[in-house]
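Close look at the chain arrangement
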Amino acid sequence: MAYTTIDNPSEFFSTTLYTGDGSADQSMTGAGFKPDFLWIKRRNASERHVLTNAQMDVSSGAYTWLDSSDNSAQFSGGTGVASFDSDGFTIKTSDSTWNTNSSTYVFWSWKANGGTGTTNNDGNRTTTVQANTTAGTSIVTYLSNGSASSQTLGHGLGAAPDLILSKRKGATANWLVYHKSLGAGSFIYLNSNVAQSSSSPPYQATPTSTVFSTQNAFQATDNFVSYCFAEKQGFSKFSSYVGNGNGDGPFVYTGFKPAFVMIKPTSYVEAWVIIDAERNPYNQAMLQLNPNSNGAEYNGASVTNGIDILSNGFKVRTSRTELNTSGGSLIYMAFAENPFTTSTGIPTTAR
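In this text the structure is predicted, and so the values were computed from the model without any measurement.

The rules behind the values
- Residues numbered from 1 in each chain as written.
- Predicted model: local features only at pLDDT ≥ 70, side-chain atom pairs only at ≥ 80, totals over all residues.
- Heavy atoms only, no water.
- Helix = DSSP H or I, 4+ residues; strand = E, 2+ residues; numbered from the N terminus.
- Buried < 20%, exposed > 50% of the residue type's maximum accessible area, 1.4 Å probe, protein only.
- Contact = heavy atoms within 4.5 Å.
- Polar contact = N/O pair within 3.5 Å; in protein donor to acceptor, adjacent residues only side chain to side chain.
- pLDDT = per-residue confidence, 0-100.

1. Quick look at unusual backbone geometry
Omega for the peptide link from Asn 283 to Gln 284 comes to 0 degrees, which places this bond in the cis form. On the secondary structure map, Gln 284 appears in the loop between β23 (273–276) and β24 (287–288). The phi torsion at Ser 60 lies on the positive side, around 50 degrees, for a residue other than glycine. Residue Ser 60 is classed as exposed on the basis of its relative accessible area of 56%.

And the structure:
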């Protein structure tokens, strides 16, 4: 592993599997810390992705949430996450989205500051921020100004974000993705399989150590949420690779063993893909979910394989277009695995 100030990555990011029991008020444990940003997905059937955090509004005892697979406004109505707990979360009521009896689920957790948001006035708009400068993760909420002029928004990371996922909360709108490999002049949608675009880019300029700048799609007067990530050596990586179009695909160096990899082709139309080490304890890692689709988990073996998760990166083992078109550009985000065991107790040396 490359030099890192983070001795145990599982203190800041984790993947947890659970089986629903159909009851109300079930507590899901195993995160290893109190999550600040939760991403929940049913595995064995089609169901919405649930993205929520402790700054979201509370409606009838549950936090509102957003779905990465479409452009809908936030969901409410008293169903969803009732509390963020010391080792996971508790649901408000039973629902097929997160707790059908005998159904399988996954939730990914990120730790920010483990508490409440603080006011940030680094930009020309006030933001509320939960930031973890060690892990390079922050949750930013703010009221967009509804003006044609650009706005700058404080993120609290103390380093320039390399990835930003933003969504308008109160109305139909696309998820807006900034990735350092695309730059501020281009962007891509999380909820779509379309290629990158440079038409009316929503991120005005390269982010700085204090703010990111927005325009165009952010100009509606409404509340937004942004998940910001700054690369940390040995823990996270936000970069790109070029496909070669065959089963002996590229090796992608991250400097650590990935626990989670999310990939998106940017130069052509194709789906996002999430592969993680908990659902795939052995190579090849072929169980996949698509952030831009509510579809069930699928096995890449049925469509020609996936990737190998290695001690210092990942190796693409397929010619499938969502992972490896010849000459195609693909971006990715990756987070590190505990170097000793996965949270299911399977030694990582078993790969």
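2. Overview of the side chain of Gln 130
Mapped onto the elements, Gln 130 comes out in strand β11 (residues 127–132). Residues within four places of Gln 130 in sequence aside, it is in contact with Asp 36, Ala 54, Gln 55, Ala 112, Asn 113, Gly 114, Gly 115, Thr 116, Gly 117, Thr 137, Ser 138 and Ile 139.

3. Things to note about the environment of Glu 270
Tracing the sequence through the fold places Glu 270 in the loop between β22 (258–265) and β23. For the pair formed by Glu 270 and Ser 109, sequence separation is 161 residues and the distance between their alpha carbons is 26 Å. In this view, Glu 270 contacts Asn 193, Lys 264, Pro 265, Thr 321 and Glu 322; residues no more than four positions away in its chain are not counted. A polar atom in the side chain of Glu 270 sits 2.4 Å from the side chain of Thr 321.

4. A few points about the confidence of the model for the chain
For residues with low pLDDT, the predicted coordinates do not support detailed interpretation. In this model, the chain carries an average pLDDT of 91, and 93% of its residues clear a pLDDT of 70 or more. Across residues 340–351 the pLDDT falls below 50, and counting only partners more than four positions away or on other chains, this stretch makes 26 contacts in the model.

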